[in-house]
Amino acid sequence: MAKSKKEVVVLGAGLAGLASAHELAKAGYKVRVYEMFDFIGGLAATIRKGEFAFDTGPHRWFAKSDFVNNWMLDLMKGEIKSVKRLTRIYFDNKYFFYPIKISNALLGIGPIKAFMAIFDYGVYRIRARVLKPKIVSLEDGFVNQFGRTLYNTFFKRYSEKLWGRPNTQISADWAGQRTRGFNLLTVVKDSLFKSKKIVSFVDEFQYPEKGVGRIAEKLAEEVEKMGGKIYLNAKAVSFNANGKNKMTGVEIEVKGKRIMETADFYINTIPLPHLIKFMNPKAPKEIIKESETLKFRSEVQVALFIKKTNITPDVWIYVHSKEISFMRFMEMDNWSNVLSPKGTTTLVFEVACNEDDETWNKSDKELIEMVKNDYIKEFKTIEQKDVLGGYVHRVPFEYPVYHIGYTDSLDKIKEFLDNFTNLQTIGRNGIFRYNNMDHSIEMGLYAAWNIIEGKRKHDPYLVNIEREYLEEKKL
Ligand SMILES: Cc1cc2nc3c(=O)[nH]c(=O)nc-3n(C[C@H](O)[C@H](O)[C@H](O)COP(=O)(O)OP(=O)(O)OC[C@H]3O[C@@H](n4cnc5c(N)ncnc54)[C@H](O)[C@@H]3O)c2cc1C
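Along each chain, residue indices are assigned from 1 in the same order as the chain's sequence is written. Given that this is a predicted model, residues contribute local features only at a pLDDT of at least 70 and side-chain atom pairs are listed and counted only at 80 or more, while totals for whole chains, interfaces and linings are drawn from all residues. Working from all heavy atoms in the structure, the side-chain values ignore hydrogens and water.

What follows is about the site of the ligand. The rule for a residue being near a molecule or strand is that one of its heavy atoms must lie within 4 Å of it. Looking at the ligand, there are 33 residues lining it, with Glu35, Pro58, His59, Arg60 and Ser440 nearest. We call two N or O atoms a polar contact when they sit within 3.5 Å, provided that within protein one can donate a hydrogen and the other can accept it, with sequence-adjacent residues counted only if both atoms are side-chain atoms. Measuring from an oxygen atom of the ligand, one finds a backbone N or O atom of Leu15 at 3.1 Å. Within the side chain of Asn436, an N or O atom sits 3.0 Å from a nitrogen atom of the ligand. Burial of the ligand by the protein chains amounts to 96% of its free accessible area of 1000 Å². Of all the secondary-structure elements, those providing two or more residues to the shell around the ligand are helix 1 (15-26), strand 11 (235-241), strand 20 (387-400) and helix 15 (437-453). Following the grouping adopted for this structure description, the nonpolar residues are Ala, Val, Leu, Ile, Met, Phe, Trp, Tyr, Cys and Pro, the charged ones are Asp, Glu, Lys and Arg, and the polar ones are all others, Gly among them. Classifying every residue of the shell around the ligand gives 15 nonpolar, 11 polar and seven charged. When residues of the shell around the ligand are assigned to domains, at least three map to each of domain 1 (7-42 + 212-292 + 403-462) and domain 3 (296-400). Here the accessible surface of atoms and residues is derived via Shrake-Rupley with a 1.4 Å probe, and residues count as covered only by protein chains that are part of the display. What counts as a helix is a DSSP run of H or I of at least four residues, what counts as a strand is a run of E of at least two, and both are numbered from the N terminus. Boundaries between domains were set according to an automatic or database domain assignment.

What follows is the structure, given as structure tokens:
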């Protein structure tokens, strides 16, 4: 096949951008990837500090699409291992399995609350069937699915800690994408007649032995081998268009200097509101206004390097209490034992915040002290002397905030961007959708195929649209 000499600029070196770049470089396109930070992998990176390696939050691989799953296994040949999953919720000095196991949950909350939980679960299920109530907010979604007692006990505090606002202000879409609904009758039936034709992602998952960031690193290595270029510390700051239907260039800022980069095609994975905000000529006022309603929740991740191993049996633990600064933490040696020197491990704590709020602006030292003291006081599994050091990683655009009505804004923005024939926007923040890694990769492949095939046959907007969170697939 004759190799194409067409040029493609990809904005962002996360999994979506790198998957596109990889596919295009393989097809002979001249690809340049621009990444604002000094590392690749975006939200799914592995940070290495001395002899310690840790991920930017817990990342387990599970893909419902066989195609994407095989694509990843082929890329990562020999680097993937299976990890046993235990994840729990911690509150009121107790641990509960997550995903929720109904017997464990009911026993754990005590007989009175358990009775109330079963009773109002029943009431809400009947209500859902008979009245078919309109589900608008996250609270509506959870209560409709689980009943109010289980919602108040297991979902309310965590979600509000994550979003920093009441669940009545977040769209129910998020509940559909993050929690597997359950039906008490199905739970009983499943436990009696467990189907062998179901693959569960609950108990075990795939993971690159040297950290989740290896997926992005492997992609980048291959892109560069095939002649593609990846530029770090290179931030896209303005997007030029001919005013009608074509992108004509992207201004990239490197060390304070701006350079105009041009190409035949552009693939965007940077946050959608930023793309709109910095368009030149300006996007219509209405589109700018809609894009300004799209916000991201940020996160500070604090890694503590510990002179001890297997501090918990879990891969991660959710922490509900408002008084404890972090909402979740993970223990790296339960993922892989090659990520730190023998006899040590790394605990990674996630503290949800907004960019530029009080938490975000604390110094690294303050954040390390805050998390360390909270952990030692509450969990009592390590002492001050066990902590060898710490590291802080700030993530500005971590979670797209699904405010109520966000889809109306997205539809208008999409309609506007569809006019640009040589621009595709994809990825978790580029499309403003709560993607997992496999979704972002699939979107990346679609964008590349659309360029290679010369028509937009593969619609990234159709990826990750199931309302149910996927924890298992039928064989
Ligand atoms: C805490 C956490 C846990 C997760 N757990 C899982 C899990 O268990 N399983 C799973 O499958 N998925 C998980 N995910 C989701 C997964 O991380 C993402 O879906 C995926 O990494 C998104 O890739 P992306 O390329 O779409 O976006 P990103 O990773 O956000 O990539 C976009 C890139 O663009 C760069 N960028 C932004 N602005 C600019 C600019 N102006 N110029 C240049 N570059 C720019 C960013 O720095 C980034 O590198 C998790 C996510 C988080 C945050």
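What follows is about a nonpolar patch on the surface. Any residue with relative accessible area above 30% and no salt bridge may belong to a patch, with like charges joined within 9 Å and the nonpolar Val, Leu, Ile, Met, Phe, Trp and Tyr side chains within 5 Å. When a carboxyl oxygen of Asp or Glu is within 4 Å of a side-chain nitrogen of Lys or Arg, the pair counts as a salt bridge. A grouping of Ile112, Phe115, Met116, Phe119 and Val123 is seen on the molecular surface, where their side chains present a nonpolar patch of about 560 Å² in accessible area. Mapped onto the elements, Val123 comes out in helix 4 (residues 111-131). Judged by relative accessible area, which is 38%, Val123 ranks as partly exposed. Buried means the residue's accessible area, taken with a 1.4 Å probe over protein chains only, is under 20% of the maximum for its type, while exposed means over 50%, and partly exposed covers the values in between.

Between the first and last residue of a helix there are one fewer steps than residues, each counted as 1.5 Å, and that sum is the expected span. Taking 1.5 Å of rise per residue, 16 residues should cover 22 Å, yet helix 6 (residues 148-163) covers just 19 Å from first to last C-alpha, more than 12% shy of that figure. The principal kink in helix 6, of about 45°, is found at Phe155. Extensive coverage of helix 6 is indicated by the burial of 12 of its 16 residues. Regarding helix 6, the residues found buried are Thr149, Leu150, Tyr151, Thr153, Phe154, Phe155, Tyr158, Ser159, Glu160, Lys161, Leu162 and Trp163. Gly164 lies just past helix 6 and shows a positive phi near 70°. We define the bend at any residue as the angle between the axes fitted to the seven residues before and including it, ending there, and the seven starting there.

Right, let's get into the sheet that holds strand 13 (residues 257-261). Across the sheet, four strands lie side by side as 13-12-11-15; this open sheet has mixed pairing. Of all the strands in the sheet, just strand 13 and strand 15 (279-280) have a single pairing partner and so form its edges. Between any two strands, pairing holds if DSSP finds at least two bridges. As paired elements, strand 12 (residues 247-254) and strand 13 share five bridges and run antiparallel to each other. The residue of strand 13 that forms the bridge with Val254 is Lys257.

Among buried residues, those of type Ala, Val, Leu, Ile, Met, Phe, Trp, Tyr and Cys that are joined through side-chain atoms within 4.5 Å constitute a nonpolar core. Counting 124 residues, the largest nonpolar core has Leu11, Phe154, Trp163, Trp174, Phe239, Met279 and Leu417 as its most contacted members. With nine residues, helix 15 is the largest single contributor of residues to this core. If sequence neighbours within four positions are ignored, Phe239 has contacts with Leu11, Met247, Gly249, Val250, Ile270, His274, Leu275, Phe278, Met279 and Asn280. Ranked by size, the runner-up nonpolar core spans 25 residues in total, among them Ile311, Leu347, Cys353 and Tyr375. It only takes one pair of heavy atoms within 4.5 Å for two residues to be counted as in contact.

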